[in-house]
Amino acid sequence: MTELFNTALTPWEWTQLISFYGIAALMIVAALMVVTLRNIFHSALGLAAVALGAAAIYLMLDAEFLAFVQILVYVGAVVTLIAFMVMLTQRASHGKLVRQSNDQKTISFIVVLSLFALLIWKIPTTVWNTTVSTGNLADAKTLGTAFLKEYIMPFEVISIVLLVALIGAIVLARREPK
Amino acid sequence: MSLLELTDKLIQWVSEMARTQGYSPEWAGFFTAIAIMLAVGGFVLGFISVVAMLLIWMERKVSGHMQSRIGPNRVGPFGLFQSIADAVKLLLKEDIAPKMVDKPVWWLAPIIIVVPAVLSFLCFPFHKGWIPLDLNLGLLFIMAIGSVSVIAIFMAGYGSNNKYSLIGGMRTVAQIISYEVPAILAIVPVVMLAGSLSFGQIIEAQSFRWNLFSLWGIVSFIIYVISGTAEINRTPFDIPEAESELVAGYHTEYSGMKFALFFVAEYTNMVIVSMIASAVFLGGYYLPFGLGASPVWMLLKVFAMIFLLMWFRWTFPRLRVDQMMIFGWKVLLPISFANIAWVGIWMALKL
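Not measured: the values here are computed from a predicted model.

**Student:** Quick one: what's the story with the overall build of chain A, residue by residue and with numbers?
**Tutor:** Scanning chain A for helices and strands turns up seven helices and zero strands. In sequence order, the secondary structure elements of chain A are arranged as α-α-α-α-α-α-α. Across the 178 residues in chain A, those meeting the buried criterion constitute 20%. Long-range contacts, defined here as pairs at least 24 residues apart, represent 52% of the contacts in chain A between residues at least 6 apart.

**Student:** Explain the packing of aromatic side chains residue by residue, including any values.
**Tutor:** Tallied over the full model, the rule gives 20 aromatic pairs over all chains. Between Phe20(A) and Tyr21(A), the aromatic rings sit 5.4 Å apart at their centres with planes inclined by 75°, giving edge-to-face as the arrangement. You can call Phe20(A) partly exposed: its relative accessible area is 34%. Look at Tyr21(A) and you get partly exposed, because its relative accessible area is 47%. Every member of this aromatic cluster is reached through a ring pair, and the members are Phe43(B), Phe47(B), Phe121(B) and Phe124(B).

**Student:** Account for the pattern of salt bridges, with residues named and values stated.
**Tutor:** Residues and elements named next belong to chain B. One pass over the full model with this rule turns up two salt bridges over all chains. With a closest N to O distance of 3.7 Å, Arg313 and Glu59 form a salt bridge. Taken as a pair, Arg313 in helix 12 (residues 295–313) and Glu59 in helix 2 (residues 25–66) lie far apart in primary sequence, 254 residues in all. Residue classification places Arg313 among the partly exposed residues on the basis of a relative accessible area of 23%. We classify Glu59 as buried; its relative accessible area is 4%. When the shortest N-O distance is used, the salt bridge between Arg60 and Asp86 registers 3.1 Å. Of this pair, Arg60 sits in helix 2 while Asp86 is found in helix 3 (residues 82–92), placing the two residues 26 residues apart along the sequence. Taking the relative accessible area as the measure of exposure, Arg60 reaches 33% and is therefore partly exposed. Judged by its relative accessible area of 24%, Asp86 falls in the partly exposed class.

**Student:** Give me helix 6 (residues 148–159) of chain B: which residues, what numbers.
**Tutor:** Between its first and last C-alpha, helix 6 of chain B extends 16 Å over 12 residues, near the 16 Å set by a 1.5 Å rise per residue. Across the 12 residues of helix 6 of chain B, 12 count as buried, placing the element largely inside the fold. When helix 6 of chain B is considered as a whole, its buried residues turn out to be Val148(B), Ser149(B), Val150(B), Ile151(B), Ala152(B), Ile153(B), Phe154(B), Met155(B), Ala156(B), Gly157(B), Tyr158(B) and Gly159(B). Looking at the buried positions of helix 6 of chain B, the neighbouring elements they touch are helix 3 (40–60) and helix 4 (64–89) of chain A together with helix 4 (103–119), helix 5 (138–146), helix 7 (163–194) and helix 11 (256–281) of chain B. Asn161(B) sits one or two residues past helix 6 of chain B and shows a positive phi near 55°.

**Student:** Any details on the interface of chain B and chain A? Residues and values, ideally.
**Tutor:** Bring the parts together and some accessible area is lost; that lost area is often taken as the interface size. Of the residues lining the interface, 37 residues belong to chain B; the matching set on chain A comes to 38 residues. Summed over both sides, the interface of chain B with chain A buries roughly 3300 Å², with 80% coming from carbon and sulfur. Here chain B and chain A share zero salt bridges between them. At the junction of chain B and chain A, the tally comes to zero residue pairs in polar contact (both at pLDDT 80 or more). Of all elements in the fold, only helix 1 (3–20), helix 2, helix 5, helix 6 and helix 7 of chain B reach the threshold of two or more residues within the side of chain B that touches chain A. Within the side of chain B that touches chain A, the residues separate by chemical class into 26 nonpolar, eight polar and three charged.

Quick notes on the rules
Each chain has its residues counted from 1, following the order in which its sequence is written. For naming, the first written chain is A and the first written ligand is 1, with later ones following in the order written. Side-chain atom pairs in this predicted model are given and counted only at pLDDT of 80 or more, local residue features only at pLDDT of at least 70, and totals for whole chains, interfaces and linings cover all residues. Hydrogens and waters are ignored; side-chain quantities use all the structure's heavy atoms. Where helices and strands are cited, they refer to DSSP runs of H or I of at least four residues and of E of at least two residues respectively, numbered from the N terminus. Only protein chains enter the area calculation, which uses a 1.4 Å probe; residues under 20% of their type maximum are buried, those over 50% are exposed, and those in between are partly exposed. Here, two residues are considered to be in contact whenever any of their heavy atoms come within 4.5 Å of each other. Any two rings among Phe, Tyr and Trp, with Trp reduced to its six-membered ring, count as a pair given centres within 6.5 Å; such a pair is stacked if its planes are under 30 degrees apart, edge-to-face if over 60, and tilted if neither. Only one rule defines a salt bridge in this text: a Lys or Arg side-chain nitrogen within 4 Å of an Asp or Glu carboxyl oxygen. In this scheme, a helix's expected span is set at 1.5 Å multiplied by one less than its residue total. Reported buried area values correspond to the accessible surface (1.4 Å probe) lost by two parts on association, with both partners' losses combined. Within 3.5 Å is the distance limit for a polar contact, defined as a pair of N or O atoms, with the added protein rule that one can donate a hydrogen and the other accept it, and that residues adjacent in sequence qualify only through two side-chain atoms. Classification convention: Asp, Glu, Lys, Arg as charged; Ala, Val, Leu, Ile, Met, Phe, Trp, Tyr, Cys, Pro as nonpolar; all other residues, Gly among them, as polar.

In structure tokens, the structure reads:
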């Protein structure tokens, strides 16, 4: 931290720094909310905040397309669907609270702790490629061409999987009781 | 002077001020950063509230004349200051929070609903080079940021802990999700032909011939205007806040300034929908056939579109929920797909 305050930063760098730490703090708080709050709706909102924070960080890294798609998919679709299900299944009263934990606390604690240790150990020792790649890799045109040329097979397979899921959902929802 | 130069001037000015006050350069930089954030935020919020107040006055005047009334005419010339009087009244009102509401969610909802509306102005194309930030993915940005307002409506509906609010919130979200699809698909042919998602390039592609002047353009425009009306919950798609059924829908429990924020968001979204329609189909700041370009045309088009939306509101009766869903999924969606296919075939044959 001392190094941070000794170097003179330009206003733009300050703006970036303030934004980054602000967003990072918000994301951590929101992520904790997702796993600790006992009201499912509140957890879903926390998830939305995490997704928005991630999108903001993508934006700061110049990955515009990824950021906007992140918002569109995670906030616009995933969290909306979760919230919709909560509202359809819970009544308007806030009486129903869920437990976020089950009886496997010890085992899951060990697993999570080992994963955390692994990350702490690995992240500083890994060599990260921090140079900005030449050309606008993440722009819409390049992505579109890649989807319809090089990756046409996976793209189509994913579409079919989604279609099957869609039809399956309709069949399940419309099943008539005998 | 472009906006960026203006910001640069502001940065220099504030850092100079901080330095003369005897702060070290790094603290001067910090203060400048904070000052810029506050200045930009304040300017944008002020601009948006003025626009919203003007539109509320316009709506009341338009509705008045459509119903053979005069509309507001007491406060100021032509009742122009009526909205200011209303705003003052709303500011002074007691802020009532019902006892059983879900406090944090209920409290945050009106704040969050304004955010996407404000952010969308980032891509407002006033004139060539007069776009605050001409993102390469401007259209995608507005579509993405618009989906955040769904969350805010959910929060208002759920947090109010009220049956009417809950039903209103769910109806709104179902409606917005359904009509977002044809709205985006209606714009796709334009993006295909312009080869870009940026507002600047889409408008430049229409410098001679607007996108409206073709069969696919008319179809896309009509689909977009209908879906846009549905996305901002205006009559004939005002099912979410149908007064006769749901009191006021998701904002039933809000009063004072919180209610005003919902209002500001609604009218700002109206500006955004009109802006997209004008920029994407009506040539933005260009007159047709190379007759000229000016920010005046852009603003006139936006206001014409807003007037059209107001005209809809005071002419059409409200749709039923099932009619609305059927219309969205079974009528608009197939037509917009057919439109995309038609433009695609046409492009393939031409190339």
